[in-house]
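Spelled out from the first residue to the last, the chains are:
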Amino acid sequence: MDPQVADLKQKIETTLSPFGFEVYPFQVAWYNALLPPAFHLPLPGPTLAFLVLSTPAMFDKALKPFLQSCHLQSLTDPVDQCVAYHLDRVREHISGVCIHPRFGGWFAIRGVVLLPGVEVPDLPPTKPLDSVPTRADRIALLEGFNFHWRDWTYRDAVTPQERYSEEQKAYFSTPPAQRLALLGLAQPSEHPSSSSPDLLLTLIPNKPQNPRTQGWFSLRTSPPTTPGP
């Protein structure tokens, strides 16, 4: 088996096998050859894909724990929703990673500013720096990012000029749903209810928060009336 295929297969199996799934690689062309054009996958023929099968163990190892978890907001098709959840975990766990030449992994891509009407046909593309040039270091980086990201070490793939502070690490280590409480800001459920659904979008009032809800991050000024980046 091709080394790249074998490496990706191992990563996917590491994520799915404990939950009763098996995976097998194939090319998109093989799939398209069996079906009429209306059902073809719109990808080049050599594109790598993996067939995911559920074994008898999936019911107890994946479906039942999934139904007992908080991942279901509304129940429509339990098996499909369970499989979608685990496939999404695969996408997260085998993702690539960007490394900044000065900050290593201690940065994030936050957005893109588009300027409609401003055209620059002569702007040359900038080739990114190869901050992790050796294959061994790339493998170690991807393994750290995909399987050990909670320990932060993958971010030091290059020696960074600056790292996140302990305060910032604590913030980003907190699940998003709990970050408002960490900041000492009232959760949406703490606001008084109203008969008008428009009030659900009420901005945070420009007054100090209840001291009992304050977290480790103290705001010296009133929070802004528009969300920050």
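### Digging into the overall build of the chain
Next up, step 1: From N to C terminus, the chain includes 7 helices and 2 strands.
Next up, step 2: In the chain, the order of α-helices and β-strands from amino to carboxyl end is α-β-α-β-α-α-α-α-α.
Next up, step 3: Among the 229 residues that make up the chain, the fraction classed as buried is 22%.
Next up, step 4: A sequence separation of at least 24 residues applies to 60% of the contacts in the chain between residues at least 6 apart.
Next up, step 5: Here the chain has roughly 17,200 Å² of accessible surface; of this, 60% comes from carbon and sulfur atoms.

### A word on the nonpolar core
Nonpolar side chains tend to gather and get buried jointly when the protein is soluble and globular.
Next up, step 1: Residues Val5, Ile12, Leu16, Phe21, Val23, Phe50, Met58, Ala62, Leu63, Phe66, Cys82 and Val90 constitute the largest nonpolar core, which totals 12 residues.
Next up, step 2: Of all the elements in the fold, those that place two or more residues in this core are helix H1 (3-16), strand E1 (21-27), helix H3 (58-68) and helix H4 (78-93).
Next up, step 3: Top element by residues in this core is H3. It accounts for 4 residues.
Next up, step 4: Filtering out sequence-adjacent residues up to four positions away, Met58 remains in contact with Phe19, Gly20, Phe21, Leu63 and Val79.
Next up, step 5: Of all hydrophobic cores here, the second largest spans 6 residues; its members include Ile99, Phe145, Tyr154 and Val158.

### Re unusual backbone geometry
Next up, step 1: Phi is positive for Trp152, close to 70°, though the residue is something other than glycine.
Next up, step 2: Among the structural elements, Trp152 can be located in the loop between helix H5 (135-147) and helix H6 (166-173).
Next up, step 3: For Trp152, a relative accessible area of 14% corresponds to the buried category.

### Notes on H5
Next up, step 1: Helix length check: H5, at 13 residues, gives a terminal C-alpha distance of 18 Å against a target of 18 Å (1.5 Å per residue), a fit within 8%.
Next up, step 2: Looking at H5, one finds that the buried residues are Leu141, Gly144, Phe145 and Asn146.

### Observations concerning the pattern of salt bridges
Next up, step 1: Inspection of every chain in the model, using the stated rule, returns 6 salt bridges.
Next up, step 2: Notably, a salt bridge pairs Lys11 with Asp7, separated by 3.4 Å at the nearest N-O pair. Of this pair, Lys11 and Asp7 both sit in helix H1, 4 residues apart, roughly one helical turn.
Next up, step 3: On the basis of relative accessibility, which here comes to 8%, the residue Lys11 falls in the buried class.

### Thoughts on a nonpolar patch on the surface
Next up, step 1: A cluster of nonpolar side chains, namely Val113, Leu115, Val118, Val120 and Leu123, defines an oily patch on the protein surface of about 540 Å² accessible area.
Next up, step 2: Relative to the helices and strands, Val118 resides in the loop between H4 and H5.

### What to know about the packing of aromatic side chains
Next up, step 1: According to the stated counting rule, one finds 7 aromatic pairs in the structure shown.
Next up, step 2: Pairing Tyr164 with Phe172 gives two aromatic rings, centres 5.6 Å apart and planes at 35°, and the pair type is tilted.
Next up, step 3: For the ring pair Tyr171 and Phe172, a centre distance of 5.3 Å and an interplane angle of 80° mean the geometry is edge-to-face.
Next up, step 4: Here Phe172 falls in the partly exposed class, since its relative accessible area comes to 28%.
Next up, step 5: Put simply, the rings of Trp106, Trp152, Tyr164, Tyr171 and Phe172 touch in pairs and so form one group of aromatic residues.
Next up, step 6: Across from the ring centre of Trp106, 5.5 Å away, lies the NZ or CZ of Arg155, which sits over that ring.
Next up, step 7: It is Arg179 that lies over the ring of Tyr171; its NZ or CZ is 5.0 Å from the centre.

### Thoughts on H3
Next up, step 1: For H3, the full list of buried residues reads Met58, Ala62, Leu63 and Phe66. Looking straight down H3, one finds that the buried residues subtend no more than 80° of arc, so they occupy a single side.

### As for the confidence of the model for the chain
Next up, step 1: When pLDDT is averaged along the chain, the result is 78, and 77% of the positions lie at 70 or above.
Next up, step 2: Ignoring residues within four places in sequence, the model shows residues 190-229, a span with pLDDT below 50, making 31 contacts including any to other chains.

Calculation notes
- Think of each chain on its own: its residues are numbered from 1, step by step along the sequence as written.
- With the structure being a predicted model, the display of local features is reserved for residues of pLDDT at least 70 and the display and counting of side-chain atom pairs for 80 or more, all residues being used for whole-chain, interface and lining totals.
- With hydrogens and water set aside, each side-chain value is computed from the structure's full complement of heavy atoms.
- Strands are runs of DSSP state E lasting at least two residues, helices are runs of H or I lasting at least four, and both sets are numbered from the N terminus onward.
- Here's how the labels work: a residue is buried when its accessible area is under 20% of the maximum for its type, exposed when over 50%, partly exposed in between, all with a 1.4 Å probe on protein chains only.
- The criterion used for residue contact is that any of the two residues' heavy atoms lie within 4.5 Å.
- Values of accessible area rely on a 1.4 Å probe in the Shrake-Rupley scheme; residue burial ignores everything except the protein chains shown.
- What is meant by a nonpolar core is a set of buried Ala, Val, Leu, Ile, Met, Phe, Trp, Tyr and Cys residues, joined one to another through side-chain atoms within 4.5 Å.
- Expected helix span is given by 1.5 Å per residue-to-residue step, counting one fewer step than there are residues.
- The salt bridge criterion pairs a side-chain nitrogen of Lys or Arg with a carboxyl oxygen of Asp or Glu, the two atoms within 4 Å.
- Patch building starts from residues that exceed 30% relative accessible area and form no salt bridge, then joins like charges within 9 Å and nonpolar side chains (Val, Leu, Ile, Met, Phe, Trp, Tyr) within 5 Å.
- Two rings from Phe, Tyr or Trp (for Trp, the six-membered ring) form a pair when their centres are within 6.5 Å of each other. A pair whose planes differ by under 30 degrees is stacked, one over 60 is edge-to-face, and the rest are tilted.
- To sit over a ring, a charge needs its Lys NZ or Arg CZ within 6 Å of the ring centre and within 35 degrees of the ring normal.
- Within this analysis, the arc is defined by the directions that extend from the helix axis to the C-beta atoms.
- Predictor confidence is given residue by residue as pLDDT, running from a minimum of 0 to a maximum of 100.

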